[in-house]
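This is what each chain is made of:
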Amino acid sequence: MGKYDDVIAFVKKLHNTEDFIPLHAPKFIGNEKKYVSECIDSTFVSSVGAFVDKFEKQVAEFTGSKYAIATVNGTAALHISLILSGVSKGDEVITQPLTFIATCNAINYIGAHPVFVDVDKKSLGLSVEKLEGFLRRNAEVRNNECFNKSTNRRIKAVVPMHTFGFSADIDGLVAVCEKYNIPLVEDAAESLGSYYKDRHTGTFGCLGAFSFNGNKIITTGGGGMIVTDDEILAKKAKHITTTAKISHPWEYDHDMVGYNYRMPNINAALGCAQMEVLPEFLKSKKQLADEYKSFFKNKSIQFLQGSQDSVPNHWLNAVVLNSLEERNKFLQETNDQGVMTRPIWKLMSRVKMFQNAQKTNLENSEWLESRVVNIPSSVV
Ligand SMILES: *Cc1c(COP(=O)(O)O)cnc(C)c1O
């Protein structure tokens, strides 16, 4: 008899199987094969093609953004978003320590320095109070630019992340960023289909980045998307992700060092089909989350639900165990029984490359780090 037999039995019943249950498996229930096959027949499988344009339109429409620019992956979308928000070498970017490594990698690619501000325990996103406190103590606006007095570097962006599809308290973050004149870029990689109040995540900042990696709510194999309402930024995003080539019927010329970050048409074909079934996925995921919610209601394990104004996509369900010991026992028992579970990430402030970064008190992030575990969340 294990301590978590009831949880394991419940997850197996929900997924209607005794076989191994992954954390999150992709689902292809729509026109995926049809569109990919059309794409192959057309021979336009690479960086030019109708599916890329169509996929961009679908995502723009779905999120309520004016513009969407498809990229090879979410990390590339973040990298370009940071460049376009004005981050350059030697600048600082404030983000949360409780995130996937890609957020910090994108900052580092530019030669910028991450600064870690604690998360909110309920939203799992950047804490408004902690951000405000950090800036009050350390920031100074000079000539419309925000400087960190302790390092004398520019603070050039704030990057909250909508963890597991729960939205950060984004209204509050927007207000603080406006006060200090810092561009806000949203790492919305996990939050396609998530809203804050009535507005889609990723659309609050000057730029937002989504991911369509195989483990995300919809997938293009690999892929990402930049969204923005700013026409100039959108044009720049398209330009810099397509080698900064100056448009001409045959001549080659480039006006800056660009990137080969454009999403291939064959990936976009998959994306077009996945966007068609996204509403169904969201319904199924909400149902699954509701089942988990009632199951954990009177248990000593807390089921995470995000903050009040968050309308999540329920991408990855998560529970909070009472201690690190219980967390470890839970991970051991569930994985032993073929129910895949994973702890939340090791804090970025403790990862070797970023351990010398400036940081606030990280009590909430540390508390969550030692207790939060993701449980199986595929569309069933
Ligand atoms: C998945 C993810 C990314 C990066 O996306 P890729 O498409 O894998 O490059 C960035 N940030 C977060 C928080 C993610 O979960």
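In what follows, the structure referred to is the one given above.
Described in the following lines is the structure provided in the data block.

About the cut-offs
- Residues numbered from 1 in each chain as written.
- Predicted model: local features only at pLDDT ≥ 70, side-chain atom pairs only at ≥ 80, totals over all residues.
- Heavy atoms only, no water.
- Near = heavy atom within 4 Å.
- Polar contact = N/O pair within 3.5 Å; in protein donor to acceptor, adjacent residues only side chain to side chain.
- Areas by Shrake-Rupley, 256 points an atom, 1.4 Å probe, with all protein chains shown as cover.
- Nonpolar A, V, L, I, M, F, W, Y, C, P; charged D, E, K, R; others polar.
- Axes fitted to C-alpha atoms, helices over the stretch in contact; angles between N-to-C directions.
- Helix = DSSP H or I, 4+ residues; strand = E, 2+ residues; numbered from the N terminus.
- Parallel < 35°, antiparallel > 145°, perpendicular 65-115°, else oblique.
- Left-handed = near helix turned anticlockwise from the far one by under 90°.
- Contact = heavy atoms within 4.5 Å.
- Pairing = 2+ DSSP bridges.

Section: the site of the ligand
Move 1: G74, T75, E190, S211 and K216 are the nearest of the 15 residues found near the ligand.
Move 2: Contacts to the ligand include D187, whose side-chain N or O atom sits 2.9 Å from a nitrogen atom.
Move 3: For the ligand, whose accessible area on its own is 380 Å², the fraction buried by protein is 93%.
Move 4: Considering only residue class, the shell around the ligand consists of four nonpolar, eight polar and three charged.

What about the packing of helix 6 (residues 128–138) against helix 7 (residues 170–180)?
Move 1: Two numbers describe how helix 6 lies on helix 7: the axes approach to 9 Å, and their chain directions differ by 15°. Classified by the angle between their axes, helix 6 and helix 7 sit roughly parallel to one another. Every pair of crossing elements has a handedness; the one defined by helix 6 and helix 7 is left-handed. Note on element contacts: helix 7 touches helix 6 through G172, L173, V176, K179 and Y180, opposite V128, L131, E132, L135 and R136.
Move 2: Tallied by class, the residues present in the contact of helix 6 with helix 7 amount to six nonpolar, one polar and three charged.

Details of the sheet that holds strand 1 (residues 67–71)
Move 1: Across the sheet, which stays open at both edges, the four strands sit in the order 1-11-10-7 with mixed pairing between neighbours. The two strands at the open ends of the sheet, each matched to only one other strand, are strand 1 and strand 7 (185–187). Across the sheet, the mean angle separating the axes of adjacent strands is 20° when strand polarity is ignored.
Move 2: Two elements, strand 10 (residues 207–211) and strand 11 (residues 224–228), share four bridges in a ladder whose sense is antiparallel. Counterpart to F210 in the pairing with strand 11 is M225.
Move 3: Along the sheet face, helix 3 (residues 50–63) touches strand 1, strand 10 and strand 11 and points at about 130° away from the line of strand 1.
Move 4: Packed on one face of the sheet, helix 4 (residues 74–84) meets strand 1, strand 7, strand 10 and strand 11 and runs near 170° to strand 10.

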